[in-house]
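Geometric and topological summary
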Amino acid sequence: MAAAGGLGGLLPAQSQLDFALEDAPTLQEKENLVYQHLRKVDTWERDLKVPEFGTDLQWLNTEGSLSLYRDLCGKVVILDFFTYCCINCIHLLPDLHELEQKYSAKDGLLVVGVHSAKFPNEKVLDNIKSAVLRYNITHPVVNDADATLWHELEVSCWPTLVIVGPRGNMLFTLVGEGHKDKLFLFTSIALKYYRKQGQINANTIRTQLYRDSLSPSPLLFPGKVALDGTGGRLIIADTGHHRILVVRKNGQILHIVGGPNSGRKDGTFSEASFSSPQGVAIKNNVIYVADTENHLIRKIDLDLEMVSTVAGVGMQGTDKEGGAKGGEQPISSPWDVAFGSSATHDDGFLWIAMAGTHQIWALMLECGKLPKGSDLKKGTCLRFAGSGNEENRNNAYPHKAGFAQPSGLSVAAEEPWNCLFVADSESSTVRTISLKDGAVKHLVGGERDPMNLFAFGDIDGAGINAKLQHPLGVAWDKKRSLLYVADSYNHKIKFVDPKMKNCATLAGTGEASNVIGSSFTSSTFNEPGGLCVEDGGRLLYIADTNNHQIKVLDLETKIVSLLPLLKADTVDTVDSHCVQKTNMANIPKLPKSAPVLQLPSLTVSPGQALHFTLKLSLPPNTKLTEEAPSSWFLTSEGSEWLLHEQSTSGEIEDIYKQPVIPFQIPMSCLSAEVVLSIKVCLYYCSKDSSVCLMKGISFNQLFHIASVNQGSTAPIELIYAF
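Quantities reported herein were computed from a predicted structural model and do not represent experimental measurements. (Residues numbered from 1 in each chain as written. Predicted model: local features only at pLDDT ≥ 70, side-chain atom pairs only at ≥ 80, totals over all residues. Heavy atoms only, no water.)

1. A closer look at helix α3 (residues 87-102)
Heads up, the rule is: A run of DSSP states H or I qualifies as a helix once it reaches four residues; a run of E qualifies as a strand once it reaches two. Both are numbered from the N-terminal end. Multiplying one less than the number of residues by 1.5 Å gives the expected span of a helix. For the exposure calls, accessible area comes from a 1.4 Å probe over protein chains only, and a residue counts as buried if that area is under 20% of its type's maximum, exposed if over 50%, partly exposed in between. Should any heavy atoms of two residues lie within 4.5 Å, those residues are considered in contact.
Taking 1.5 Å of rise per residue, 16 residues should cover 22 Å, and α3 covers 24 Å from first to last C-alpha, within 8% of that figure. Listed in full, the buried residues belonging to α3 are I87, N88, C89, I90, H91, L92, L93, D95, L96 and L99. On its buried face, α3 sits against β2 (76-82), β3 (109-115), β5 (160-164), α6 (180-196) and β17 (334-340).

Put into structure tokens, the structure is as follows:
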């Protein structure tokens, strides 16, 4: 038997075991078969060895690099080959988490995630960090960016589990999802077998979880957003906090539903819980939610302030047809939702992007018909389009079409469009489904071969000449007859003219970053996952997922701004860049884009009284936001003694009254030179309240402190135009 060389050397024995397990009638017989397999593997002249991890590989959730033959010697190791875009890989994580709860490193088990990327964007360590946090992965993860280990072990698909013995010897392999019983069986028997052989050690692995180094933020990986066309409310899926936020368009929070921990419970807003919710849709004070990791569709009634379940059973389903009543119909990883109209009812059903089965489903909200369908009862949940095969296949017959992890939906009900737009993430395409006959057609991205899911890139163009990279969201602009696309892995917002099938960049540079308060062409995003456009067609709201923010694109002025989140009861701003309470206890962090102005140096003497006059001006037709108190703050990094017994903060109620900030040089000076920073945090809105912004400015004043009395000092003017 060869000493190394991948899974090929293991497959014959593995295949024999798999066939025997299918015929074994009892658990005892299955366990005996696994024991026999291990004894057979141990009689081979030489082990099938897993290659050592490269010393140049990047690691997460550990204090440093791990060595398979040093740190992991004496462990049963499960290598989870995954890529974070893959829904099948996501489905496997709960099984691994449950296994880790049952067996720890002290028991001899360790799971190691081997991230072998599909998309170029997924090779970047910072992006993998975000995915590790988003999916609550707590075991070590190695960035196999060049797929070195993937190729050496002859792995061929995501996900693949390779179970390795305490000598680095390959024992079993599990390809794809849905093998939970085998995973637990193989692991438990391997631990028992090698413990009897005296090869298991109880050493722990030093971990350093990435999530422990992060500071709290008001939003955590927001996935999708939706607008209430009549009430002017924005619905935010705060995915990482497992909750839904209902906010006014100025950012004032009206309702917090669920969170901050994952769960699965109906009830009042404070009782209810979700698990990584994504898609949201609102109509008539009712919100529907794609509760993704609970495999449910939930209903939020804003009048009753209650949450209920309308589809799904709370476990991942494998059914690809459906047809049962919603609460009895298993579904799989719903990622987005959108209202649809039947012949008899406006918004008579709900479209569902069923990412887990690569299909488009419908939930009947009233009795009625789907396009070209028969009569259906209220509450029925069933497949509308997609065979369930993961592919990029267009077809006049919707059931014969193929999707690849559809993740975003938007409806254009008016003529001549009359279609459902689909962001098909794994094929890197945008597709259309006719609302008349269900025909599935290509719009932009991808290529003609339905089996090629690697036709991605970042190219503006028409049809298949345009290239996207894992788009997650679409939003129809009825006013302009344009479709906006969250081109997630290109970190861009693009627009598509469906008549010409032309796709072009609207905003974003392609760099994963966080530049705001600037033009479309210079602003940056980080894996935006969802977007929606207001009925008036002026503002486009973006869930900038990895930046943990909601950004607002003004389609008329071409300016990108940040939506501040404001608690209505305590006027507690929870913006991730400027944190402030009405007691002024917290010093804000201004945006990275906030300018810093250096004032001319000033010679002063101990005890001297000064005052700074704020001469700030806002853009035309704007006003300060009343619900969010704008403020000034004083800081002196490294010289905090300068602020002793000073008034270090205050509210700005009227910017045009030129507020005065008093300051006195302390009598006891500890330095001859010191810098005082005067920081200003302003919240302002357009006078029609259609867009609200948060801006910051910092003035740095260098003091030379002399012992000679300098006398009175003229007012120091702080001048800036936003």
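Moving on from the coordinates now.
2. Here we look at unusual backbone geometry
That bond from G259 to P260 is cis: its omega, 0 degrees, falls within 30 degrees of zero. That bond from E415 to P416 is cis: its omega, 5 degrees, falls within 30 degrees of zero. Structurally, P416 is set in the loop between β23 (406-412) and β24 (419-424). One non-glycine residue with positive phi stands out, namely Q405, at about 60 degrees.

3. Some details on the packing of aromatic side chains
Put simply, the rule is: A pair of Phe, Tyr and Trp rings is counted when the ring centres sit within 6.5 Å of each other, with Trp represented by its six-membered ring. The angle between the planes then sorts it: under 30 degrees is stacked, over 60 is edge-to-face, the rest tilted.
Under the definition given, this model contains 18 aromatic pairs. Look at W351 and F384: their rings are 4.8 Å apart centre to centre, the planes differ by 50 degrees, and that puts the pair in the tilted class. A residue pair is termed long-range when its members are at least 10 positions apart, and W351 in strand β18 (residues 349-354) and F384 in strand β22 (residues 380-385) qualify at 33 residues. Take W351 and F384: they sit in the same class, and that class is buried. Ring geometry for Y720 and F722: centres 5.0 Å apart, planes at 80 degrees, overall edge-to-face. Owing to a relative accessible area of 24%, Y720 belongs among the partly exposed residues under this scheme. Taken together through their ring pairs, the aromatic side chains of F81, Y84, F119, W150, W158, F454, F456 and Y489 make up a single cluster.

4. Some remarks on the confidence of the model for the protein chain
We apply this condition: Per-residue confidence from the predictor is reported as pLDDT, which spans 0 to 100.
Per-residue confidence for the protein chain gives a mean pLDDT of 89, with 92% of residues at or over 70. For residues 568-586, every residue scores under 50 in pLDDT, and the model assigns this stretch 62 contacts once sequence neighbours within four places are set aside.

5. Comments concerning the sheet that holds strand β12 (residues 277-283)
Quick reminder of the rule: Two strands make a pair as long as DSSP finds a minimum of two bridges between them.
Ordered by their spatial adjacency, five strands build an open sheet running β11-β15-β14-β13-β12, and the pairing between neighbours is antiparallel. Across the chains shown, the open sheet's two edge strands, defined by having one partner strand only, are β11 (267-268) and β12. In this structure, β11 lies alongside strand β15 (residues 306-311), joined through two bridges in antiparallel fashion. Pairing of G267 across the sheet is with V307, part of β15.

6. A closer look at the packing of helix α2 (residues 27-43) against α6
This is how it is decided: Angles run from 0 to 180 degrees between N-to-C directions of axes, and those axes are lines fitted to C-alpha atoms, restricted for helices to the stretch in contact. These descriptions rest on fixed angle ranges, namely under 35 degrees for roughly parallel, over 145 for roughly antiparallel, 65 to 115 for roughly perpendicular, and the rest for oblique. We call a crossing left-handed when the near helix sits turned anticlockwise from the far one by less than a right angle, and right-handed when that turn is clockwise. Gly falls in the polar group here, along with every residue not listed as nonpolar (Ala, Val, Leu, Ile, Met, Phe, Trp, Tyr, Cys, Pro) or charged (Asp, Glu, Lys, Arg).
It is the contact of α2 with α6, at a shortest axis distance of 10 Å, that shows an interaxial angle of 55 degrees. On the basis of the axis angle, α2 is oblique to α6. For the element pair α2 and α6, the recorded crossing hand is right-handed. Contacts between α2 and α6 involve L27, K30, E31, V34, Y35, L38, R39 and D42 from the first element and L185, F186, I189, A190, K192, Y193, Y194 and K196 from the second. Among the residues forming the contact of α2 with α6, the class breakdown is ten nonpolar, no polar and six charged.

7. Things to note about helix α1 (residues 11-23)
Three- or four-residue spacings in an α-helix give side chains the same orientation, since the helix completes a turn every 3.6 residues. The criterion, for reference: Picture the helix axis, draw a direction to every C-beta atom, and the arc is the one those directions span.
Helix length check: α1, at 13 residues, gives a terminal C-alpha distance of 19 Å against a target of 18 Å (1.5 Å per residue), a fit within 8%. Among the residues of α1, A13, Q14, L17, D18 and L21 are the ones counted as buried. One side of α1 holds all its buried residues, which, seen down the axis, span an arc of 135 degrees. In α1, those exposed residues whose orientation departs by more than 90 degrees from the buried face are F19, E22 and D23. Buried positions along α1 lie against α2, β6 (170-175) and α6.

8. Some remarks on the sheet that holds β22
Within the open sheet, the five strands sit side by side as β16-β22-β19-β18-β17. Their pairing is antiparallel. Strands at the two margins of the open sheet, each flanked by one partner only, are β16 (322-325) and β17. With strand direction ignored, the average angle separating the axes of adjacent strands in the sheet is 25 degrees. Looking at chain direction, β17 and β18 are connected through six bridges and run antiparallel. Residue pairing for β18: V337 is matched across the bridge by I352.

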